[in-house]
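Observations on the three-dimensional arrangement
Listed below are the residues making up each chain.
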Amino acid sequence: MRFAARVEVLLRPGIADPEGATIERALPALGFHDVHQVRAGRSFRFEVDAADELTARRRAEDLARQLLANPVIEDSELVLTVQAPAGEPS
Amino acid sequence: MRFAARVEVLLRPGIADPEGATIERALPALGFHDVHQVRAGRSFRFEVDAADELTARRRAEDLARQLLANPVIEDSELVLTVQAPAGEPS
Amino acid sequence: MSSPDAGEPQPAPQLEPQPLPLHRALGLTDEELGRIVEILAREPNQLELALYGVMWSEHCSYKSSRRHLRRLPTTGDRVLVGPGENAGVIDAGDGIAVAIRIESHNHPSAIEPHQGAATGVGGILRDVFTMGARPLAVMDPLFFGPPDDARQRWLVEGVVAGISSYGNSVGVPTVGGELTFDPCYAGNPLVNVLCLGALPVDRLVLARATGAGNLAVLLGATTGRDGIGGVSVLASAGFSGGDDAKRPNVQVGDPFEEKRLIEACLALLDAGLVVGIQDLGGAGLACGTSELAARGGVGLDVDVLAVPRREPGMAPWEVMTSESQERMLAIVVPEAWPAVDALCRRWDVRASVIGTVTDDGSGVLPEATGHGDVGGSSSGRLRIFDGDAVVGDVPARSLADGAPVYDRPLREPADLASKRADDPTASEERGDCGVELRTMLLDPSWVYRQYDHQLFLNTVAGPGGDAALLRLAGPGLPPSDRGVAVTTDSAPRWCAIDPRAGVALVLAEAVANLACVGASPVAVVNCLNFGNPEHPEVMWQLSETVDGLAAACRAFGIPVIGGNVSLYNESTGSDILPTPVLGVLGLVERLRHRPPPVAVAEGASVVLLGCRRGPGDLPRPLGGSRWAVECRGRRHGELPPLDYGAHERVTGFVGSLVAEAVGGGAGAADGVAGQDLLDGVHDVSGGGLAVALAEMAVTGDIGVRVEGIDGHQELFTELPSRLLATTRYPDELCARAKEAGVPAEVIGVGGGDRFVVEELVDLPMHQLARSWVRSLADRLEPV
Amino acid sequence: MSARVGVVVFPGTNCEHDTVSAFERAGATATLVWHTEERLGGLDAVVLPGGFAHGDYLRPGAIARFSPVMDAVARFAAAGGPVLGICNGFQVLTESGLLPGALVKNRGLRFLCAPSRVRVTSVSSVLTCGLAPGTELGIPVNHFSGSYFCDDRTLAELRDANRVVLRYVENPNGSIDDIAGITNAEGNVVGLMPHPERASDVLLGSADGLPLLRALVAAAADVHAA
Ligand SMILES: Nc1ncnc2c1ncn2[C@@H]1O[C@H](COP(=O)(O)OP(=O)(O)O)[C@@H](O)[C@H]1O
Ligand SMILES: [Mg+2]
């Protein structure tokens, strides 16, 4: 089966986020007084081939932890959806 | 009311994504033969104060289009959720 | 025990006195706690204990190294500020002073290479602009394990990217550095950073608070829980990797904030709006407040509630010890505050009054023998408020200078004699010299191409040469024709064999590097990276290094004006090789032309300057050479001897020729003008003649034919005090060398497309060039 | 009186002093213009210099384009005034829509500070006017996001209207069509990634940037005279 994964990597709470803070500081000048708490992160999309959802999830999580995020400062969040059931071409 | 917004910014399809490609090239060496089609993007989270969801959505979309994404090369996707109903402190 | 106070006994501030063993968790020994109780004449509360914990850490207090460092020579005609301040400062002439400082960011970089290195750059810049100097150049000596596994590559990539992203963005060029690979750094990489800045002499400011009633103003970023305990946990404890508990302490750097902070602080100083200023680095406000007060001999009241925070719920001790980056603490007269506030607003730099200078000189410290320098001296009190409540009250100097000074046991390694006897010079047979040469080539351009090295339009010779050479110019500086040169050098393989002689050879190499760009050395800064000081052999290495450096500095007449000590560089129980890193500053009187490149030119003769043989039984020693270590795995033996007189003669000769060339003077009255005499110049160092010649050939993109080299020993020896010059006027050059008492011999000629050392090496240039160019990329970017 | 060149300073800009001194070498009177200025009073040319405006956070140029001064720069450009964006300045110009396309991360995904050679491929711009077409110049590059990108239609337009002013001799960053610099249709707004101000003194390795800077100063002098 083929799964579509989407990983969002954000700085862990408490870790300084200069990019988010800089964007937030710029907002009032752009007329966005109603926007707050900006956090900047990274996002990844990829496809995982796996026999079942559990395996796919485990693989995607491994990838997020080992390569996409640096767990020392970042957390990652995974959303997984079925893209093509077994046997069907993607 | 306060809404939580999450904007994902990805390169438009057809535009070269060297970051995604580099990650993908590194995968087999790390044992991830089952992962493909990696795309790298950015993600932003922020809060919007607005009278109703429609207004909040419009504001968040404006922000995504005017600032967070560069329309020459990028698309953006918004997910909006209610965070605190009117009258309640967040 | 004498009373700590001249006035009323102070009630202990409101926090609960903590039962043991909190002090131990904070890195304090039982004896140290006893000393604190003696100083305060009561039990410290938790906040106070945290302050002592960070300030008395090895990193902040130099408690293991301090008594050794005193042996370094630190004075000289040009020295305006020696060790002890945030940066050393020398008078460069023309009303310009140059500030220089080196620091390590080893442990943070092992945990998060990108941010660890980035914040290292941020910290060193603040040390320099604290003095009123505009940072003009950064250098980055780096040490990693061999980059042959994913983790080392991750470390190299991350550290280089961190320096690149921070340095480039903050707008200070990185003009050089060092790159060393050795297995001893695999678990504990070293990331040292040096910064050089310049200022009009009369803008020099020292970090001290003065004037009761003056305001303490916090400038820059908000305060979060970054690096809390980082000083004691990250810098003082051994690091063995994968340690989750240490992770939340990682600090993230913000070069954009730092850029605004630099501009705002220099503008404040230009406008004469601050009376004292101090950067907040390791130990954060605890360090900044206590050092400002201690140096000024005044007291300071600080309110943690006034500190703008990034996170809710921070306790006073967290505010005081946070290592949030990009912050400065300035002392301002109250009347100047509106102007300070306005100027900071212009640069979008946050400025908050967080305290007041007091003239409370009542913090007299009790006498104590065998401890810090503060026995019996008067000191202002540092009082910490949480709104109206006093939550901490300690004599400022007891934090800043009161840490115990340790005389740790030291012991020469038992196997020293047998290791020295195990020399490779005679016992190692000659192999395929061409193959060996190719494995030793290392082109650091993979690293320095990622660094902006040109900003400020000062960089006459950037990375890739022997030393960086810069115009001495910058915004706000008086006009000048002068140049400054700077080089960083190290040789852990030498220092492992003999730390005393090794560090002297390192300084000799630095002097030779400076000569290649026409500069005479004026000051040294050093970063002493060592293992665990609780190991007597490590303390012996440290002590030997200090003595060796002191002797070499005296012999060359160059003072040490600053330094940094990084201990506990160990992983899984083994210490790194002793790694003193020297940054040496040189001056050029007049800089109008580019120095000769590190290159061979078509048809030019290659002249070897300096004595080709050492004295004694091993005239071409190979002990400690890159060849012995890297090609033969032989790490022991005898180091080559250093003859200071001969070294000064040859470096003085080359230095003055190059100075003539860059100064564009009239040159010799009869004969060839200075700027025409030399087509290329390079010192012979790591890898010996073979590597030096190869680097010149590859850079000149031309072949070379060398003859008369007496076997692999002469090809690879790292015998000091030798330089290579290429010239179209070999007779003139040799004659002038002879006049100066410098041996000189033509050994080859540039041309063709092969690299030939007769009977030893014969390689097509394209092959040599490929080995050079791909030396790093092939290992760091395997396909 | 010599032409007056204004060099815009955003927070995070870092090549402003270098740019001022290089333009003075090229014969102009150069002054700094703070990003909050709403008018450009009496300038004959505007330069957006290199650096990291707003830390390059979000995207290079993304926040800087909202600075008050950028409205003034847009009006100045619309009135035919010479506008030059160098490196980060080029990024600000594309983000503002004063020039088409975008600058994306280098092919190698690394910052690159290196010598480069560029060829003058159009002389119909305030930066290249008066130079011989085909001239090769040694001018260093210094950027992370310096790879020029635009869609096919824009590229065709740039080519057809001879608006690619400089091309790399050896493409260092993956720029489409080896583009190092472009101009607008009128030829008065130019952006380039290489740093001509860093090639304004042989002491520093090259003076090849000076002819470009002089061309801009000459264009500014025309404005001044008009
Ligand atoms: N980490 C680095 N960052 C910047 N430049 C570097 C780095 N490592 C080496 N270099 C530069 O590469 C050149 C060669 O370095 P090195 O072999 O240490 O020279 P030397 O043997 O003359 O001391 C020098 O110009 C040095 O500044
Ligand atoms: Mg060196």
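Please read all numbers here as calculations on a predicted model, not as lab measurements.

1. With respect to the overall build of chain C
- A count of helical and extended segments in chain C gives 28 helices and 28 strands.
- The C-alpha atoms of chain C give 27 Å as radius of gyration, which agrees with the globular expectation for 783 residues (28 Å, within 12%).
- Viewed in the frame of its principal axes, chain C has a C-alpha envelope of about 85 × 55 × 50 Å.
- A burial count over chain C gives 65% of its 783 residues as buried.
- Carbon and sulfur atoms make up 50% of the accessible area of chain C, which amounts to about 25000 Å² in all.
- Both charge centroids of chain C, one from 63 positive and one from 101 negative side chains, sit 1 Å from each other.

2. Observations regarding the site of ligand 1
Residues and elements named next belong to chain C.
- The full set close to ligand 1 counts 19 residues, and Asp140, Glu178, Gly464, Gly465 and Asp489 are the nearest of them.
- Interatomic distance of 2.7 Å between a backbone N/O atom of Gly465 and an oxygen atom of ligand 1.
- Within the contact set of ligand 1, an oxygen atom lies 3.3 Å away from a side-chain nitrogen or oxygen of Asp466.
- Ranked by the residues each element gives to the shell around ligand 1, the list is headed by strand β5 (residues 174-181), at four residues.

3. Side note on the relation of the copies chain B and chain A
- Note on the identical chains: chain B maps onto chain A by a rotation of 180 degrees and an axial translation of 0.0 Å, with an RMSD of 0.2 Å. Both chain copies can therefore be described as sitting about a two-fold axis. Among all residues of chain B, the minimum C-alpha distance to the rotation axis is found for Arg42(B), at 2.1 Å.
- Comparing interface residues between copies, 100% of those in chain B also lie at the interface in chain A; the contact surface is shared.

4. Quick word on unusual backbone geometry
- Even without being glycine, Glu326(C) reaches a positive phi, approximately 60 degrees.
- Checked against the element boundaries, Glu326(C) lands in the loop between α12 (316-321) and β10 (327-332).

5. Points about the sheet that holds strand β8 (residues 276-279) of chain C
Residue and element names in this part refer to chain C.
- The mixed open sheet is built from seven strands, whose spatial order is β8-β10-β7-β11-β9-β12-β13. The two strands at the open ends of the sheet, each matched to only one other strand, are β8 and β13 (389-395). Direction aside, the axes of adjacent strands within the sheet are offset by 25 degrees on average.
- Sheet topology note: the strand β7 (residues 215-220)/β10 ladder contains six bridges and is antiparallel.

6. Quick word on the nonpolar core
Residue and element names in this part refer to chain D.
- By size, the foremost hydrophobic cluster in this structure holds 69 residues, and its most contacted members are Phe10, Phe23, Leu40 and Leu84.
- For this core, the element with the highest residue contribution is helix α5 (residues 210-225), accounting for eight residues.
- Leave out the neighbours within four places in its chain, and Phe23 touches Val5, Ala28, Ala30, Val47, Leu84, Leu213, Leu216 and Val217.

7. Side note on the interface of chain D and chain A
- Taken together, the contacts link five residues of chain D with six residues of chain A.
- For the pairing of chain D and chain A, the buried interface totals around 520 Å² over both sides, and the portion due to carbon and sulfur atoms is 81%.
- Remark: the boundary between chain D and chain A carries zero salt bridges.
- Taken together, the connections running from chain D to chain A amount to one residue pair in polar contact (both at pLDDT 80 or more).
- Looking at the side of chain D that touches chain A residue by residue, the class counts come to four nonpolar, one polar and no charged.

8. Quick notes on the packing of helix α25 (residues 688-700) of chain C against helix α28 (residues 765-780) of chain C
Residues and elements named next belong to chain C.
- Taken N-terminus to C-terminus, the directions of α25 and α28 make an angle of 100 degrees; their axes are 10 Å apart at the nearest point. Judged by the inter-axis angle, α25 sits roughly perpendicular to α28. Two secondary-structure elements touch here, α25 through Ala694, Glu695, Ala697 and Val698 and α28 through Met765, Leu768, Ala769 and Trp772.
- Of the residues assigned to the contact of α25 with α28, the class counts are seven nonpolar, no polar and one charged.

9. Some points on the confidence of the model for chain D
- Looking at chain D, the pLDDT average stands at 96 and 100% of residues meet or exceed 70.
- Here the complex is predicted with pTM 0.93, and the ipTM for its interfaces comes to 0.94.

10. Some remarks on the coordination of the magnesium ion (ligand 2)
All names here are of chain C.
- Here the magnesium ion (ligand 2) is held by the protein donor atoms Asp489 (OD) and Asn513 (OD1), which lie 2.3 to 2.7 Å from it. Of this pair, Asp489 sits in strand β16 (residues 483-489) while Asn513 is found in helix α20 (residues 499-515), placing the two residues 24 residues apart along the sequence. The same class applies to Asp489 as to Asn513, namely buried.

11. Things to note about the environment of Gly603(C)
All names here are of chain C.
- Considering the arrangement of structural elements, one finds Gly603 in the loop between β21 (579-588) and β22 (605-609).
- For Gly603, a relative accessible area of 46% gives the class partly exposed.
- Taking the C-alpha atoms as reference points, Gly603 and Gly751, 148 residues apart in sequence, are found 5.7 Å from one another.
- Among residues more than four places away in sequence, those in contact with Gly603 are Val749 and Gly750.

12. Remarks on the pattern of salt bridges
All names here are of chain C.
- Under the criterion given, the structure shown has 82 salt bridges over all chains.
- The shortest N-O distance in the salt bridge between Arg383 and Asp301 comes to 2.9 Å. One end of the pair, Arg383, is in strand β12 (residues 381-386); the other, Asp301, is in strand β9 (residues 299-303), and 82 residues separate them in sequence.
- Since its relative accessible area comes to 24%, Arg383 is described here as partly exposed.
- The buried category is assigned to Asp301, whose relative accessible area is 14%.

13. Quick look at the arrangement of the chains
- Take the five pairs of chains in contact: the one carrying the most contacts is chains A and B.
- Chain B shows no contact with chain C. Their nearest C-alpha atoms sit 9 Å apart.

14. Quick look at the pairing of strand β15 (residues 468-471) of chain C
Residue and element names in this part refer to chain C.
- Two elements, strand β14 (residues 459-461) and β15, share two bridges in a ladder whose sense is antiparallel. By the bridge assignment for β15, Thr459 is matched with Leu470.
- With antiparallel pairing between neighbouring strands as the criterion, β14 and β15 make up a hairpin whose turn holds six residues, including Gly464 at a positive phi of roughly 110 degrees.

15. Observations regarding the side chain of Arg66(C)
- By the secondary structure assignment, Arg66(C) is in helix α5 (residues 66-69).
- A polar contact of 3.3 Å, which involves the side chain of Arg66(C), links it to the backbone oxygen of Ser61(C).

The rules we used
Residues numbered from 1 in each chain as written. Chains lettered and ligands numbered in written order. Predicted model: local features only at pLDDT ≥ 70, side-chain atom pairs only at ≥ 80, totals over all residues. Heavy atoms only, no water. Helix = DSSP H or I, 4+ residues; strand = E, 2+ residues; numbered from the N terminus. Rg over C-alpha atoms; globule rule 2.2 N^0.38 Å. Buried < 20%, exposed > 50% of the residue type's maximum accessible area, 1.4 Å probe, protein only. Areas by Shrake-Rupley, 256 points an atom, 1.4 Å probe, with all protein chains shown as cover. Lys, Arg positive; Asp, Glu negative; His and termini not counted. Charge placed at Lys NZ, Arg CZ, Asp CG, Glu CD. Near = heavy atom within 4 Å. Polar contact = N/O pair within 3.5 Å; in protein donor to acceptor, adjacent residues only side chain to side chain. Least-squares fit on C-alpha atoms with pLDDT ≥ 70 in both. Contact = heavy atoms within 4.5 Å. Pairing = 2+ DSSP bridges. Axes fitted to C-alpha atoms, helices over the stretch in contact; angles between N-to-C directions. Core = buried A, V, L, I, M, F, W, Y, C linked by side-chain atoms within 4.5 Å. Buried area = accessible area lost by both parts, 1.4 Å probe. Salt bridge = Lys/Arg side-chain N within 4 Å of Asp/Glu carboxyl O. Nonpolar A, V, L, I, M, F, W, Y, C, P; charged D, E, K, R; others polar. Parallel < 35°, antiparallel > 145°, perpendicular 65-115°, else oblique. pLDDT = per-residue confidence, 0-100. Donors = N, O, S within 2.8 Å, 3.2 Å for Na, K, Ca; no water.

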